[in-house]
Amino acid sequence: ATGMRTEFGKIAQLLHTVETSKTPLQETLDRLGRKLAQAALVVVAIIVVLGVFRGQPLIQMLVFGIALAVAVVPEALPAVVTISLARGVQRLVKRRALMRRLPAVETLGSTSVICSDKTGTLTRDEMTVRELYVAGRLLEVSGAGYEPHGEFSRDGRRIEMSAPLERLLRAVALASDAHIVRREADGVWHVKGDPTEGALVVMAAKAGLRKIDLDARFPRVHEIPFASETKRMTTLHAAADGVVAYGKGAPEVILDSCESQLTVDGEVRLDAARRQAVLEASRHMAEKALRVLAVASKAEATPENAERGMTFLGLVGMIDPPRAEARAAIQTCERAGIRVVMITGDHPITAQAIARELGVLKKGRVVTGSELEAMGDAAFDDDVDTIDVYARVTPTHKLRVVTALQKKGYVVAMTGDGVNDAPALKKADIGIAMGITGTDVAREAAAMTLTDDTFASIVA
(Lines give C-alpha, C1' and ligand atoms only; values in the text may rest on other atoms or scores of the structure.)
Protein backbone atom coordinates (compact mmCIF):
# COMPACT_ATOMS: atom_id res chain seq x y z
CA ALA A 1 0.00 0.00 0.00
CA THR A 2 1.00 3.63 -0.42
CA GLY A 3 0.17 6.99 1.12
CA MET A 4 -2.76 7.08 3.56
CA ARG A 5 -3.50 3.38 2.88
CA THR A 6 -0.32 2.27 4.67
CA GLU A 7 -0.30 1.50 8.41
CA PHE A 8 1.56 4.78 9.02
CA GLY A 9 -1.03 6.56 6.90
CA LYS A 10 -3.90 5.08 8.93
CA ILE A 11 -2.25 6.21 12.16
CA ALA A 12 -1.70 9.71 10.71
CA GLN A 13 -5.37 9.83 9.69
CA LEU A 14 -6.40 8.66 13.17
CA LEU A 15 -4.25 11.40 14.71
CA HIS A 16 -6.11 14.01 12.65
CA THR A 17 -9.54 12.67 13.69
CA VAL A 18 -8.73 12.44 17.42
CA GLU A 19 -10.21 15.47 19.16
CA THR A 20 -8.40 16.78 22.22
CA SER A 21 -10.60 18.03 25.05
CA LYS A 22 -10.00 21.13 27.15
CA THR A 23 -7.89 20.74 30.26
CA PRO A 24 -9.56 20.95 33.72
CA LEU A 25 -7.89 24.34 34.22
CA GLN A 26 -9.23 25.70 30.92
CA GLU A 27 -12.74 24.47 31.77
CA THR A 28 -12.50 26.03 35.25
CA LEU A 29 -11.36 29.39 33.82
CA ASP A 30 -14.18 29.25 31.25
CA ARG A 31 -16.71 28.68 34.05
CA LEU A 32 -15.17 31.51 36.08
CA GLY A 33 -15.39 33.84 33.08
CA ARG A 34 -19.06 33.00 32.48
CA LYS A 35 -19.96 33.48 36.17
CA LEU A 36 -18.12 36.82 36.36
CA ALA A 37 -19.90 38.01 33.21
CA GLN A 38 -23.29 36.97 34.60
CA ALA A 39 -22.58 38.59 37.97
CA ALA A 40 -21.37 41.79 36.28
CA LEU A 41 -24.54 42.04 34.15
CA VAL A 42 -26.78 41.56 37.20
CA VAL A 43 -24.88 44.11 39.30
CA VAL A 44 -24.75 46.67 36.46
CA ALA A 45 -28.47 46.26 35.76
CA ILE A 46 -29.33 46.76 39.46
CA ILE A 47 -27.09 49.85 39.79
CA VAL A 48 -28.43 51.45 36.56
CA VAL A 49 -32.04 50.86 37.64
CA LEU A 50 -31.39 52.22 41.17
CA GLY A 51 -29.58 55.28 39.77
CA VAL A 52 -32.38 56.10 37.34
CA PHE A 53 -34.93 55.50 40.13
CA ARG A 54 -33.06 58.07 42.29
CA GLY A 55 -33.20 60.63 39.48
CA GLN A 56 -29.72 60.27 37.96
CA PRO A 57 -29.41 60.82 34.17
CA LEU A 58 -29.76 57.55 32.22
CA ILE A 59 -26.63 58.13 30.04
CA GLN A 60 -24.51 58.85 33.12
CA MET A 61 -25.71 55.67 34.84
CA LEU A 62 -25.06 53.57 31.71
CA VAL A 63 -21.48 54.89 31.47
CA PHE A 64 -21.01 54.22 35.20
CA GLY A 65 -22.43 50.70 34.81
CA ILE A 66 -20.11 49.91 31.85
CA ALA A 67 -17.09 51.18 33.83
CA LEU A 68 -18.12 48.92 36.70
CA ALA A 69 -18.44 45.92 34.35
CA VAL A 70 -14.93 46.57 32.99
CA ALA A 71 -13.59 46.77 36.55
CA VAL A 72 -14.97 43.27 37.25
CA VAL A 73 -12.76 41.75 34.47
CA PRO A 74 -9.64 40.21 36.15
CA GLU A 75 -6.98 41.44 33.68
CA ALA A 76 -4.14 40.06 35.82
CA LEU A 77 -5.58 36.53 35.99
CA PRO A 78 -4.05 35.22 32.69
CA ALA A 79 -0.64 36.56 33.72
CA VAL A 80 -0.91 35.05 37.21
CA VAL A 81 -2.00 31.67 35.80
CA THR A 82 0.79 31.67 33.18
CA ILE A 83 3.46 32.55 35.78
CA SER A 84 2.16 29.82 38.13
CA LEU A 85 2.21 27.22 35.35
CA ALA A 86 5.69 28.32 34.23
CA ARG A 87 6.97 27.83 37.77
CA GLY A 88 5.36 24.39 37.71
CA VAL A 89 7.24 23.58 34.49
CA GLN A 90 10.54 24.56 36.16
CA ARG A 91 9.82 22.30 39.14
CA LEU A 92 8.84 19.40 36.84
CA VAL A 93 12.10 19.70 34.89
CA LYS A 94 13.92 18.98 38.15
CA ARG A 95 11.73 15.85 38.42
CA ARG A 96 12.93 14.80 34.92
CA ALA A 97 9.69 15.71 33.15
CA LEU A 98 9.55 18.05 30.14
CA MET A 99 6.23 19.81 29.41
CA ARG A 100 5.27 20.71 25.84
CA ARG A 101 2.05 22.55 26.74
CA LEU A 102 1.63 24.86 29.75
CA PRO A 103 -1.98 23.89 30.74
CA ALA A 104 -0.88 20.24 30.97
CA VAL A 105 0.98 21.08 34.21
CA GLU A 106 -2.30 21.56 36.06
CA THR A 107 -3.92 18.59 34.24
CA LEU A 108 -1.28 16.29 35.67
CA GLY A 109 -2.28 17.44 39.15
CA SER A 110 -5.96 16.71 38.39
CA THR A 111 -5.33 13.18 37.08
CA SER A 112 -7.64 10.50 38.49
CA VAL A 113 -6.49 7.50 36.34
CA ILE A 114 -2.98 6.69 35.08
CA CYS A 115 -2.86 4.16 32.21
CA SER A 116 0.73 2.93 32.33
CA ASP A 117 2.73 0.75 30.02
CA LYS A 118 4.54 -2.04 31.90
CA THR A 119 7.87 -2.53 30.17
CA GLY A 120 10.42 0.15 31.00
CA THR A 121 7.95 2.27 32.96
CA LEU A 122 6.86 -0.01 35.81
CA THR A 123 9.78 -2.38 35.19
CA ARG A 124 13.51 -1.78 34.61
CA ASP A 125 13.52 -2.87 30.94
CA GLU A 126 16.59 -5.03 31.62
CA MET A 127 15.57 -8.48 30.48
CA THR A 128 17.41 -11.55 31.79
CA VAL A 129 16.66 -15.14 30.71
CA ARG A 130 15.88 -17.30 33.74
CA GLU A 131 14.37 -20.54 32.35
CA LEU A 132 14.31 -22.61 29.16
CA TYR A 133 11.98 -25.37 28.02
CA VAL A 134 13.94 -27.54 25.58
CA ALA A 135 13.15 -31.07 24.35
CA GLY A 136 10.45 -31.42 27.01
CA ARG A 137 12.76 -30.44 29.89
CA LEU A 138 12.91 -27.30 32.04
CA LEU A 139 16.37 -25.75 32.39
CA GLU A 140 17.63 -22.89 34.57
CA VAL A 141 19.98 -20.14 33.35
CA SER A 142 22.27 -18.33 35.79
CA GLY A 143 23.74 -14.84 35.49
CA ALA A 144 22.26 -11.35 35.73
CA GLY A 145 21.96 -8.33 33.49
CA TYR A 146 23.80 -8.24 30.19
CA GLU A 147 27.03 -9.84 31.43
CA PRO A 148 27.62 -12.81 29.04
CA HIS A 149 28.61 -15.18 31.86
CA GLY A 150 26.40 -17.90 33.29
CA GLU A 151 25.58 -21.61 33.29
CA PHE A 152 22.76 -23.88 32.19
CA SER A 153 21.50 -26.31 34.83
CA ARG A 154 18.71 -28.74 35.58
CA ASP A 155 17.52 -29.37 39.15
CA GLY A 156 20.57 -27.46 40.40
CA ARG A 157 23.10 -29.56 38.42
CA ARG A 158 25.11 -28.03 35.57
CA ILE A 159 24.42 -29.60 32.19
CA GLU A 160 26.52 -29.89 29.03
CA MET A 161 25.47 -28.52 25.68
CA SER A 162 23.02 -30.75 23.78
CA ALA A 163 21.95 -30.58 20.13
CA PRO A 164 18.40 -29.30 20.89
CA LEU A 165 19.78 -26.63 23.26
CA GLU A 166 22.40 -25.50 20.73
CA ARG A 167 19.77 -25.20 17.97
CA LEU A 168 17.53 -23.14 20.26
CA LEU A 169 20.38 -20.78 21.23
CA ARG A 170 21.49 -20.43 17.62
CA ALA A 171 17.90 -19.66 16.56
CA VAL A 172 17.30 -16.89 19.13
CA ALA A 173 20.64 -15.22 18.38
CA LEU A 174 20.15 -15.26 14.60
CA ALA A 175 16.50 -14.10 14.82
CA SER A 176 17.53 -11.02 16.83
CA ASP A 177 18.83 -7.62 15.75
CA ALA A 178 20.36 -6.59 19.10
CA HIS A 179 24.08 -6.68 19.93
CA ILE A 180 25.89 -6.60 23.26
CA VAL A 181 28.93 -4.36 23.60
CA ARG A 182 31.31 -3.61 26.42
CA ARG A 183 31.96 0.01 27.30
CA GLU A 184 35.65 0.81 27.43
CA ALA A 185 35.15 3.48 30.10
CA ASP A 186 33.75 1.25 32.85
CA GLY A 187 33.84 -2.28 31.40
CA VAL A 188 30.05 -2.65 31.77
CA TRP A 189 28.15 -4.67 29.16
CA HIS A 190 25.10 -3.04 27.60
CA VAL A 191 22.70 -3.71 24.74
CA LYS A 192 22.44 -1.92 21.43
CA GLY A 193 18.88 -2.63 20.36
CA ASP A 194 15.79 -4.13 21.93
CA PRO A 195 16.30 -5.31 25.58
CA THR A 196 14.32 -8.53 24.98
CA GLU A 197 16.52 -9.47 22.02
CA GLY A 198 19.55 -8.38 24.07
CA ALA A 199 18.66 -10.97 26.73
CA LEU A 200 18.48 -13.68 24.04
CA VAL A 201 21.86 -12.72 22.57
CA VAL A 202 23.41 -12.69 26.06
CA MET A 203 21.99 -16.17 26.75
CA ALA A 204 23.56 -17.53 23.55
CA ALA A 205 26.88 -15.88 24.46
CA LYS A 206 26.83 -17.70 27.83
CA ALA A 207 27.10 -20.93 25.83
CA GLY A 208 29.91 -19.55 23.68
CA LEU A 209 27.69 -18.76 20.68
CA ARG A 210 28.62 -15.18 19.78
CA LYS A 211 26.15 -13.40 17.51
CA ILE A 212 28.86 -11.84 15.36
CA ASP A 213 30.25 -15.33 14.57
CA LEU A 214 26.79 -16.82 13.92
CA ASP A 215 25.89 -13.95 11.55
CA ALA A 216 29.07 -14.64 9.58
CA ARG A 217 28.36 -18.41 9.36
CA PHE A 218 24.64 -18.05 8.61
CA PRO A 219 24.11 -14.72 6.80
CA ARG A 220 20.56 -13.35 6.84
CA VAL A 221 18.94 -13.36 3.41
CA HIS A 222 15.39 -12.29 4.27
CA GLU A 223 13.32 -11.07 7.19
CA ILE A 224 9.63 -10.96 8.15
CA PRO A 225 9.75 -8.25 10.84
CA PHE A 226 7.93 -8.24 14.15
CA ALA A 227 4.50 -6.57 14.22
CA SER A 228 2.20 -6.05 17.18
CA GLU A 229 -0.59 -7.70 15.17
CA THR A 230 1.34 -10.89 14.27
CA LYS A 231 3.30 -11.02 17.56
CA ARG A 232 6.25 -12.77 15.88
CA MET A 233 9.47 -12.23 13.89
CA THR A 234 11.02 -14.60 11.35
CA THR A 235 14.43 -14.43 9.69
CA LEU A 236 15.84 -16.57 6.84
CA HIS A 237 19.51 -17.56 6.75
CA ALA A 238 21.79 -19.18 4.23
CA ALA A 239 23.24 -22.49 5.52
CA ALA A 240 25.29 -25.32 4.01
CA ASP A 241 22.15 -27.40 3.33
CA GLY A 242 19.93 -24.54 2.05
CA VAL A 243 17.94 -21.68 3.53
CA VAL A 244 16.79 -22.07 7.16
CA ALA A 245 14.08 -19.93 8.81
CA TYR A 246 14.12 -19.08 12.52
CA GLY A 247 11.11 -17.56 14.23
CA LYS A 248 10.38 -16.24 17.71
CA GLY A 249 7.22 -14.77 19.21
CA ALA A 250 4.18 -15.38 21.40
CA PRO A 251 3.89 -19.09 22.31
CA GLU A 252 0.32 -19.49 21.06
CA VAL A 253 1.21 -17.87 17.72
CA ILE A 254 4.42 -19.86 17.13
CA LEU A 255 2.76 -23.15 18.18
CA ASP A 256 0.00 -22.63 15.60
CA SER A 257 2.61 -22.65 12.83
CA CYS A 258 4.46 -25.77 14.08
CA GLU A 259 3.90 -29.35 12.92
CA SER A 260 6.82 -31.05 14.71
CA GLN A 261 8.93 -30.70 17.86
CA LEU A 262 12.67 -31.15 18.36
CA THR A 263 13.59 -33.71 21.04
CA VAL A 264 16.82 -35.47 22.10
CA ASP A 265 15.87 -38.25 19.64
CA GLY A 266 15.28 -35.84 16.75
CA GLU A 267 12.13 -34.33 15.31
CA VAL A 268 8.78 -35.88 16.28
CA ARG A 269 5.21 -34.99 15.33
CA LEU A 270 3.73 -32.23 17.53
CA ASP A 271 0.52 -34.01 18.54
CA ALA A 272 -2.19 -32.70 20.88
CA ALA A 273 -0.49 -34.11 24.00
CA ARG A 274 2.88 -32.52 23.21
CA ARG A 275 1.18 -29.24 22.28
CA GLN A 276 -0.67 -29.25 25.62
CA ALA A 277 2.60 -29.94 27.48
CA VAL A 278 4.21 -26.91 25.82
CA LEU A 279 1.26 -24.67 26.72
CA GLU A 280 1.36 -25.97 30.29
CA ALA A 281 5.09 -25.18 30.53
CA SER A 282 4.42 -21.70 29.12
CA ARG A 283 1.68 -21.09 31.71
CA HIS A 284 3.92 -22.37 34.52
CA MET A 285 6.72 -19.99 33.48
CA ALA A 286 4.34 -17.03 33.10
CA GLU A 287 2.97 -17.61 36.61
CA LYS A 288 6.48 -16.84 37.87
CA ALA A 289 6.27 -13.38 36.23
CA LEU A 290 8.47 -14.52 33.31
CA ARG A 291 7.91 -13.16 29.82
CA VAL A 292 7.69 -16.24 27.60
CA LEU A 293 8.81 -16.48 23.96
CA ALA A 294 8.49 -19.54 21.76
CA VAL A 295 11.18 -20.41 19.18
CA ALA A 296 10.83 -22.46 15.98
CA SER A 297 12.74 -23.25 12.79
CA LYS A 298 12.06 -24.50 9.25
CA ALA A 299 14.47 -26.09 6.80
CA GLU A 300 14.34 -25.40 3.06
CA ALA A 301 12.39 -22.23 3.74
CA THR A 302 11.21 -19.50 1.40
CA PRO A 303 9.67 -16.13 2.36
CA GLU A 304 6.28 -17.51 1.34
CA ASN A 305 6.32 -20.72 3.45
CA ALA A 306 8.72 -19.73 6.27
CA GLU A 307 5.97 -19.41 8.88
CA ARG A 308 4.19 -22.69 8.08
CA GLY A 309 5.13 -26.28 8.89
CA MET A 310 7.81 -25.24 11.38
CA THR A 311 9.65 -27.30 14.01
CA PHE A 312 9.14 -26.20 17.61
CA LEU A 313 12.54 -25.72 19.34
CA GLY A 314 11.54 -24.55 22.82
CA LEU A 315 10.42 -21.79 25.19
CA VAL A 316 12.47 -18.96 26.68
CA GLY A 317 11.36 -17.44 30.00
CA MET A 318 12.88 -14.08 30.88
CA ILE A 319 12.17 -11.57 33.60
CA ASP A 320 12.08 -7.80 33.52
CA PRO A 321 12.33 -6.97 37.23
CA PRO A 322 9.92 -4.32 38.59
CA ARG A 323 11.45 -0.96 39.41
CA ALA A 324 12.11 -0.63 43.14
CA GLU A 325 10.48 2.80 43.23
CA ALA A 326 7.37 1.78 41.22
CA ARG A 327 5.60 -0.07 44.04
CA ALA A 328 6.03 2.87 46.44
CA ALA A 329 4.81 5.26 43.73
CA ILE A 330 1.69 3.13 43.14
CA GLN A 331 0.96 3.16 46.88
CA THR A 332 1.28 6.96 46.81
CA CYS A 333 -1.27 7.02 43.96
CA GLU A 334 -3.64 4.85 45.97
CA ARG A 335 -3.47 7.18 49.00
CA ALA A 336 -4.07 10.17 46.71
CA GLY A 337 -7.17 8.54 45.18
CA ILE A 338 -5.51 7.99 41.79
CA ARG A 339 -6.19 4.66 40.07
CA VAL A 340 -3.38 2.92 38.16
CA VAL A 341 -4.20 0.71 35.17
CA MET A 342 -1.50 -1.48 33.57
CA ILE A 343 -1.47 -1.95 29.79
CA THR A 344 0.99 -4.41 28.24
CA GLY A 345 1.55 -6.63 25.24
CA ASP A 346 2.72 -9.47 27.52
CA HIS A 347 0.94 -12.76 28.25
CA PRO A 348 -1.99 -12.23 30.68
CA ILE A 349 -0.50 -14.55 33.32
CA THR A 350 2.83 -12.67 33.25
CA ALA A 351 1.00 -9.34 33.40
CA GLN A 352 -1.12 -10.61 36.32
CA ALA A 353 1.96 -11.74 38.27
CA ILE A 354 3.78 -8.41 37.82
CA ALA A 355 0.61 -6.41 38.55
CA ARG A 356 0.06 -8.30 41.83
CA GLU A 357 3.70 -7.80 42.81
CA LEU A 358 3.46 -4.05 42.20
CA GLY A 359 0.08 -3.69 43.89
CA VAL A 360 -1.80 -2.66 40.72
CA LEU A 361 -4.06 -5.75 40.69
CA LYS A 362 -6.10 -6.33 43.84
CA LYS A 363 -9.83 -6.75 43.30
CA GLY A 364 -9.96 -5.96 39.59
CA ARG A 365 -9.53 -8.34 36.67
CA VAL A 366 -7.28 -8.95 33.67
CA VAL A 367 -8.66 -8.56 30.13
CA THR A 368 -6.86 -9.52 26.90
CA GLY A 369 -6.97 -7.67 23.60
CA SER A 370 -9.05 -10.42 21.95
CA GLU A 371 -11.59 -10.26 24.82
CA LEU A 372 -11.67 -6.49 24.46
CA GLU A 373 -12.46 -6.78 20.75
CA ALA A 374 -15.30 -9.19 21.52
CA MET A 375 -16.89 -6.70 23.95
CA GLY A 376 -19.38 -4.14 22.66
CA ASP A 377 -18.93 -0.47 23.54
CA ALA A 378 -21.84 -0.50 26.02
CA ALA A 379 -20.55 -3.62 27.80
CA PHE A 380 -17.00 -2.22 27.95
CA ASP A 381 -18.22 1.12 29.32
CA ASP A 382 -19.99 -0.79 32.11
CA ASP A 383 -16.94 -2.96 32.91
CA VAL A 384 -14.10 -0.44 32.54
CA ASP A 385 -14.14 0.35 36.28
CA THR A 386 -13.49 -3.31 37.15
CA ILE A 387 -10.51 -3.88 34.80
CA ASP A 388 -7.05 -3.17 36.25
CA VAL A 389 -4.83 -4.92 33.69
CA TYR A 390 -5.02 -5.08 29.88
CA ALA A 391 -2.76 -7.78 28.42
CA ARG A 392 -1.86 -8.91 24.88
CA VAL A 393 -3.27 -5.63 23.57
CA THR A 394 -2.23 -3.96 20.36
CA PRO A 395 -1.41 -0.27 20.86
CA THR A 396 -4.59 0.70 18.97
CA HIS A 397 -6.68 -0.84 21.78
CA LYS A 398 -5.30 1.87 24.08
CA LEU A 399 -7.36 4.53 22.33
CA ARG A 400 -10.55 2.65 23.18
CA VAL A 401 -9.51 2.26 26.83
CA VAL A 402 -8.76 5.99 27.17
CA THR A 403 -12.07 6.96 25.52
CA ALA A 404 -14.09 4.65 27.79
CA LEU A 405 -12.43 6.05 30.94
CA GLN A 406 -13.02 9.65 29.80
CA LYS A 407 -16.71 8.86 29.23
CA LYS A 408 -16.87 7.91 32.91
CA GLY A 409 -15.63 11.38 33.83
CA TYR A 410 -12.04 10.44 34.74
CA VAL A 411 -9.07 12.70 34.00
CA VAL A 412 -6.79 10.22 32.20
CA ALA A 413 -2.99 10.24 31.96
CA MET A 414 -1.60 7.86 29.34
CA THR A 415 1.97 6.66 28.87
CA GLY A 416 3.39 5.34 25.58
CA ASP A 417 6.50 5.14 23.43
CA GLY A 418 5.58 3.76 20.00
CA VAL A 419 4.17 5.26 16.80
CA ASN A 420 0.94 3.29 17.34
CA ASP A 421 0.56 4.85 20.81
CA ALA A 422 0.30 8.37 19.35
CA PRO A 423 -3.53 8.48 18.90
CA ALA A 424 -4.10 7.37 22.52
CA LEU A 425 -1.48 9.84 23.79
CA LYS A 426 -3.22 12.66 21.93
CA LYS A 427 -6.69 11.57 23.09
CA ALA A 428 -5.74 11.34 26.79
CA ASP A 429 -6.17 14.39 29.01
CA ILE A 430 -2.40 14.29 29.36
CA GLY A 431 -0.24 12.09 27.15
CA ILE A 432 3.13 11.11 28.61
CA ALA A 433 5.85 9.95 26.21
CA MET A 434 9.05 8.12 27.10
CA GLY A 435 12.14 10.24 26.48
CA ILE A 436 14.64 7.36 26.21
CA THR A 437 12.71 4.65 24.34
CA GLY A 438 9.99 6.87 22.85
CA THR A 439 9.63 7.61 19.14
CA ASP A 440 9.49 11.15 17.75
CA VAL A 441 5.83 10.67 16.81
CA ALA A 442 4.90 9.65 20.37
CA ARG A 443 6.76 12.62 21.85
CA GLU A 444 5.09 14.98 19.38
CA ALA A 445 1.60 13.70 20.27
CA ALA A 446 2.19 13.81 24.04
CA ALA A 447 1.97 16.83 26.33
CA MET A 448 4.80 15.62 28.58
CA THR A 449 8.02 13.67 28.07
CA LEU A 450 9.82 11.70 30.81
CA THR A 451 13.58 11.97 30.45
CA ASP A 452 14.14 8.90 32.68
CA ASP A 453 11.15 6.73 31.56
CA THR A 454 10.18 5.94 35.19
CA PHE A 455 6.66 5.76 36.62
CA ALA A 456 7.77 7.45 39.84
CA SER A 457 8.41 10.69 37.91
CA ILE A 458 4.73 10.81 36.82
CA VAL A 459 3.55 10.32 40.41
CA ALA A 460 6.00 12.94 41.72
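The shown structure was predicted, so the numbers you read here are calculated from the model rather than taken from an experiment. Chains are numbered independently. Their residues run from 1 in the order of the written sequence. The predicted nature of this model means local features are confined to residues of pLDDT at least 70 and side-chain atom pairs, given and counted, to a pLDDT of 80 or more, with totals for whole chains, interfaces and linings taken over all residues. Only hydrogens and water are removed before side-chain values are computed, so all heavy atoms of the structure are retained for them.

1. Some points on the packing of aromatic side chains
Under the convention used in this document: Aromatic contacts are taken between Phe, Tyr and Trp rings whose centres are within 6.5 Å, Trp giving its six-membered ring; a plane angle under 30 degrees counts as stacked, one over 60 as edge-to-face, and the others as tilted. Numbering of helices and strands runs from the N terminus; a helix is a DSSP stretch of H or I covering at least four residues, while a strand is a stretch of E covering at least two.
Evaluated as defined, the whole model comprises one aromatic pair. Residues Phe380 and Tyr390 carry aromatic rings whose centres are separated by 6.3 Å and whose planes lie at 80° to one another, so their mutual orientation is edge-to-face. Here Phe380, found in helix 14 (residues 377-383), pairs with Tyr390, found in strand 18 (residues 387-391); they are 10 residues apart in sequence, far enough to count as distant.

2. As for unusual backbone geometry
The condition is simple: The cut-offs for exposure are 20% and 50% of the maximum accessible area for each residue type, with area from a 1.4 Å probe on protein chains only; residues under the lower value are buried, those over the upper are exposed, and the others partly exposed.
Although it is not a glycine, Ala135 sits at a positive phi angle of roughly 50°. For Ala135, a relative accessible area of 18% corresponds to the buried category.

3. Remarks on the pairing of strand 19 (residues 412-416)
Looking down a regular strand, the side chains alternate between one sheet face and the other. Test applied: What makes two strands pair is DSSP finding at least two bridges between them.
The element strand 19 is largely enclosed, with a buried count of five among its five residues. Of the two faces of strand 19, the one carrying Val412, Met414 and Gly416 and the one carrying Ala413 and Thr415 are both buried. Pairing between strand 2 (residues 113-117) and strand 19: three bridges, direction parallel. Looking at strand 19, one finds that Ile114 is bridged to Ala413.

4. Some points on the pattern of salt bridges
Applicable threshold: For this document, the term salt bridge refers to a Lys or Arg side-chain nitrogen within 4 Å of an Asp or Glu carboxyl oxygen.
Scanning the entire structure with this criterion turns up 29 salt bridges. Between Lys248 and Glu197 there is a salt bridge, with the nearest N and O atoms lying 3.0 Å from each other. Here the residue Lys248 occupies a position in strand 11 (residues 242-249), and Glu197 occupies one in helix 7 (residues 195-206), the gap between them amounting to 51 residues. A salt bridge links Lys362 to Glu334; the nearest nitrogen and oxygen atoms lie 2.8 Å apart. On the criterion of sequence distance, the pair formed by Lys362 in the loop between helix 12 (348-358) and strand 17 (365-368) and Glu334 in helix 11 (residues 324-335) is long-range, its members being 28 residues apart. Note on Lys362: relative accessible area 52%, which makes it exposed. Salt bridges sharing partners connect three or more residues here, namely Arg339, Asp385, Asp388 and Lys408.

5. With respect to the side chain of Thr454
The cut-off we apply is this: The contact definition used throughout considers only heavy atoms, calling two residues in contact when any of these lie within 4.5 Å.
Note on placement: Thr454 falls in the loop between strand 21 (448-450) and helix 18 (455-459). The residues touching Thr454, leaving out its near neighbours within four places in the chain, are Thr121, Arg323 and Glu325.

6. What about the packing of helix 10 (residues 272-287) against helix 12?
For the record, the criterion: Only the stretch in contact is used when fitting a helix axis, every axis being a line fitted to C-alpha atoms; angles between N-to-C directions are given from 0 to 180 degrees. Our angle categories are set so that under 35 degrees counts as roughly parallel, over 145 as roughly antiparallel, 65 to 115 as roughly perpendicular, and the remainder as oblique. Left-handed describes a crossing whose near helix is turned anticlockwise from the far helix by less than a right angle; the clockwise case is right-handed.
One can describe the packing of helix 10 onto helix 12 by two numbers: an axis separation of 8 Å at closest approach and a directional angle of 15°. Between helix 10 and helix 12, the interaxial angle falls into the category roughly parallel. Crossing geometry of helix 10 relative to helix 12 is assigned as right-handed. Judged by residue contacts, Arg283, Ala286 and Glu287 of helix 10 engage Ile349, Thr350 and Ala353 from helix 12.

7. A look at the sheet that holds strand 19
Strand order in the open sheet made by the eight strands is 1-21-20-19-2-16-18-17, with mixed pairing throughout. Strands at the two margins of the open sheet, each flanked by one partner only, are strand 1 (97-99) and strand 17. When strand polarity is set aside, the average angle formed by the axes of neighbouring strands in this sheet is 20°. As defined by bridge partners, strand 1 adjoins strand 21 across three bridges and the pair is classed as antiparallel. Following the sheet pairing, Ala97 is matched in strand 21 by Leu450. On top of the sheet, helix 15 (residues 397-407) reaches strand 2, strand 16 (339-343), strand 18 and strand 19; it is set at about 170° to strand 19, its chief contact.

8. Some details on a positive patch on the surface
As a reminder of what qualifies: For patches, a residue must show more than 30% relative accessible area and have no salt bridge; joins then use 9 Å for like charges and 5 Å for nonpolar side chains, namely Val, Leu, Ile, Met, Phe, Trp and Tyr. Every accessible area reported is derived by Shrake-Rupley at a probe size of 1.4 Å, with residue values counting cover from the shown protein chains alone. A positive count includes Lys and Arg, and a negative count includes Asp and Glu. His and the chain ends are not counted in either. Just so you know, the charge point we use is NZ for Lys, CZ for Arg, CG for Asp and CD for Glu.
A cluster of like positive charges, contributed by Arg87, Arg91, Lys94 and Arg95, occupies part of the molecular surface. Within the secondary structure layout, Arg95 lies in the loop between helix 4 (77-94) and strand 1.

9. Overview of the environment of Val113
By secondary structure assignment, the location of Val113 is in strand 2. Taking C-alpha positions, Val113 is 13 Å from Ile343, a pair spaced 230 residues apart along the chain. In this structure Val113 touches Ile338, Arg339, Val341, Leu405, Tyr410, Val411, Val412 and Ala413, once residues within four positions along its chain are discounted.

10. Some words on the pairing of strand 4 (residues 137-141)
Of the strand pairs in this sheet, strand 3 (residues 128-134) and strand 4 are connected by four bridges, and their pairing is antiparallel. Note on strand 4: the bridge partner recorded for Val134 is Arg137. Where strand 3 folds back on strand 4, the antiparallel hairpin that results is connected by two residues, among which Ala135 adopts a positive phi of roughly 50°.

11. Some thoughts on helix 15
By the criterion of burial, helix 15 is predominantly enclosed, with eight of the 11 residues buried. Looking only at helix 15, the buried set comprises His397, Lys398, Leu399, Val401, Val402, Ala404, Leu405 and Gln406. Positive phi appears at Gly409, one or two residues downstream of helix 15, with a value of about 95°.

12. Some words on the side chain of Asp421
Using the following cut-off: Pairs of N or O atoms are called polar contacts if they sit within 3.5 Å, as long as, within protein, a hydrogen donor faces a hydrogen acceptor (for residues adjacent in sequence, only side-chain-to-side-chain pairs).
On the secondary structure map, Asp421 appears in the loop between strand 19 and helix 16 (422-427). Only 3.0 Å separates the side chain of Asp421 from the backbone nitrogen of Asp417, close enough to count as a polar contact. Excluding anything up to four places from it in sequence, Asp421 contacts Pro395, Lys398 and Gly416.

13. So, the environment of Lys211
For Lys211, the position within the fold is in helix 8 (residues 211-217). Taking C-alpha positions, Lys211 is 8.4 Å from Arg170, a pair spaced 41 residues apart along the chain. Those residues within four positions of Lys211 in sequence are excluded, and the remaining contacts are Ala173, Leu174, Ser176, Asp177, Ala178, His179, Val201 and Arg220.

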